[in-house]
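Working through the structure, step by step
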Amino acid sequence: MSDKPTVALFVTCLVDQALPDIGIDAVKVLRRAGFRVTFPADQTCCGQPFFNSGLRAEARKLAQNTISVLADAEVVVLPSGSCASMIRKEYAHLFEEDPLWQRAARMLAAKTYELGEFLTAYGQDLQLDGAPKDDVTYHDSCHMSRLLGLRDEPRALLDEAGHQIREMSESDRCCGFGGVFCVRMPEISNAMTAEKLRQARETGVTTLVTSDPGCLMQMRGLLAEDDTLKVEHIATMLERESR
């Protein structure tokens with residue numbers, strides 16, 4: 001990528017419908033890193049909720065739309081480790097009996113990146129204000145850390161922006177969201193979230209950062225109105241610190 005590619009932002013359902021500021025911040029950060037950003041208007045859900053529910057036929061339809069919409073993109077970037085893992089790791093499994101679609105799925109996977117991963121690898125022109133700032137803690141979302149193996153990248157960006165990270169005792173403990181899990185088993189889900197927030201508060205910081213909109217929405221949902229703890233997406237943190 002010696003010449004900067006045009007980035008197609010796959011914004012994800014949650015960002016589009018519930019957390020649009022994350023999408024706006026992602027675009028600003030990518031532009032400040034010198035990338036032209038497009039938004040393919042026909043994008044829909046990546047299909048992960050259907051996939052996780054065992055509804056493979058429905059998931060395939062959404063995967064086919066995503067593959068088609070992004071076929072001509074140079075690079076695809078998502079502000080979500082969860083949805084990025086769906087495209088990168090699961091699409092090929094959906095088309096094990098269809099070689100043509102499986103090939104197309106693998107071609108898309110090869111050019112798809114989670115936001116922090118992409119900026120760490122190719123965002124050298126992003127100027128972050130490295131002056132010392134408040135300490136933060138970071139939540140490793142399940143799909144991003146376990147399926148994509150991305151743990152160091154967001155921490156490196158936060159460090160470059162001037163934040164020291166105080167690690168939770170279990171930074172990769174599930175936040176309780178789990179997509180449809182939080183709907184099917186809300187009591188268990190909320191108990192898991194409460195423990196995650198307890199561990200974050202235990203570090204003594206006031207900001208918990210994550211790279212996954214689903215985790216962010218779940219954890220914010222259990223914060224009290226007067227809570228001293230804030231939950232922020234890494235795109236928002238980087239947009240504040242970039243020049």
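Above this text is the structure in question.
Our subject in this report is the structure included herewith.

The rules behind these values
- Numbers given to residues run from 1 along each chain, matching the order in which its sequence is written.
- Only residues with pLDDT of at least 70 are given local features in this predicted model, and only at 80 or more are side-chain atom pairs given and counted; all residues enter the totals for whole chains, interfaces and linings.
- The side-chain quantities take in all heavy atoms of the structure and omit both hydrogens and water.
- Fitted lines through C-alpha atoms serve as axes, helices being fitted only where they are in contact, and the angles separating the N-to-C directions of these axes extend from 0 to 180 degrees.
- Starting at the N terminus, helices and strands are each numbered in turn, a helix being any DSSP run of H or I of at least four residues and a strand any DSSP run of E of at least two.
- Any angle that falls under 35 degrees is termed roughly parallel, while one over 145 is termed roughly antiparallel, one within 65 to 115 roughly perpendicular, and all others oblique.
- Any two residues having at least one pair of non-hydrogen atoms within 4.5 Å are treated as being in contact.
- Following the grouping adopted for this structure description, the nonpolar residues are Ala, Val, Leu, Ile, Met, Phe, Trp, Tyr, Cys and Pro, the charged ones are Asp, Glu, Lys and Arg, and the polar ones are all others, Gly among them.
- One fewer than the residue count of a helix, multiplied by 1.5 Å, yields its expected span.
- The buried label applies to any residue whose accessible area, calculated with a 1.4 Å probe on protein chains only, is under 20% of its type's maximum; exposed applies above 50%, and partly exposed to all values in between.
- The directions from the helix axis to the C-beta atoms are what the arc is built from.
- Remark: nonpolar core denotes a set of buried residues (Ala, Val, Leu, Ile, Met, Phe, Trp, Tyr, Cys) joined through side-chain atoms within 4.5 Å.
- Note: two strands are recorded as paired if DSSP finds a minimum of 2 bridges between them.
- N or O atoms closer than or at 3.5 Å make up a polar contact, with two conditions inside protein: a donor-capable atom paired with an acceptor-capable one, and, for residues adjacent in sequence, both atoms drawn from side chains.
- Salt bridge, as used here, is a side-chain nitrogen of Lys or Arg placed within 4 Å of a carboxyl oxygen of Asp or Glu.

**What about the packing of helix α5 (residues 81–94) against helix α6 (residues 99–110)?**
The N-to-C vectors of α5 and α6 enclose an angle of 170°; their axes lie 9 Å apart at closest approach. In this view, α5 runs roughly antiparallel relative to α6, as classed from their interaxial angle. Residues Ile-87, Arg-88, Tyr-91 and Ala-92 of α5 touch α6, and the partners they reach there are Gln-102, Ala-105, Arg-106, Leu-108 and Ala-109. Taken together, the residues that form the contact of α5 with α6 break down as six nonpolar, one polar and two charged.

**Brief notes about α6**
Taking 1.5 Å of rise per residue, the 12 residues of α6 would be expected to cover 16 Å, and the 16 Å separating its terminal C-alpha atoms lies within 8% of that figure. Buried within α6 are the following residues: Gln-102, Ala-105, Leu-108 and Ala-109. Each buried residue of α6 sits inside an arc of 120° when the element is viewed along its axis, so together they form one side. Exposed and facing more than 90 degrees away from the buried side of α6 are Pro-99, Leu-100, Arg-103 and Ala-110. If you follow the buried residues of α6, they end up packed against α4 (56–69), β3 (75–78), α5 and β4 (112–114).

**Description of the nonpolar core**
Of all hydrophobic cores here, the largest spans 66 residues; its most connected members are Leu-30, Tyr-91, Leu-94, Phe-118, Leu-119 and Leu-208. The residues touching Tyr-91, leaving out its near neighbours within four places in the chain, are Cys-46, Leu-62, Ala-63, Thr-66, Ile-67, Met-86, Ala-105 and Leu-108.

**Concerning the sheet that holds strand β6 (residues 207–210)**
On the basis of which strands lie adjacent, the open sheet formed by three strands has the order β5-β6-β7 and parallel pairing. Each of the sheet's edge strands pairs with one partner strand only, and the pair in question is β5 (137–139) and β7 (230–233). In this sheet, adjacent strand axes meet at a mean angle of 30° when their direction is disregarded. Pairing of β5 with β6, which is carried by three bridges, proceeds in the parallel orientation. Within the sheet, the bridge partner assigned to Tyr-138 lies in β6 and is Val-209. Contacting β5, β6 and β7, helix α12 (residues 213–221) runs over the sheet at an angle of about 165° to β7.

**Looking at the side chain of Ser-211**
On the secondary structure map, Ser-211 appears in the loop between β6 and α12. Since its relative accessible area comes to 1%, Ser-211 is described here as buried. A polar atom in the side chain of Ser-211 sits 2.6 Å from the side chain of Tyr-138. Once residues within four sequence positions are removed from consideration, Ser-211 is found in contact with Pro-79, Ser-80, Gly-81, Glu-114, Tyr-138, Met-144, Pro-154, His-233 and Ile-234.

**Remarks on the sheet that holds strand β1 (residues 7–9)**
As a general point, the strands of a sheet are linked pairwise by backbone hydrogen bonds and lie either parallel or antiparallel. The strand order across the open sheet formed by four strands is β2-β1-β3-β4, and the pairing between neighbours is parallel. What marks the edges here is a single partner per strand, and that holds for β2 (37–38) and β4. Pairing between β1 and β3: three bridges, direction parallel. Note on β3: the bridge partner recorded for Val-7 is Val-75.

**Here's the deal with the pattern of salt bridges**
In the structure shown here, the tally under the stated rule is 16 salt bridges. For Arg-240, the salt bridge identified is with Glu-232, shortest N-O distance 3.1 Å. A residue is classified by how much of its surface remains accessible, and Arg-240, at 46% relative accessible area, is partly exposed. You can call Glu-232 buried: its relative accessible area is 9%. Each of the salt bridges in this network shares a partner with another, and the network as a whole consists of Asp-129, Lys-133 and Glu-241.

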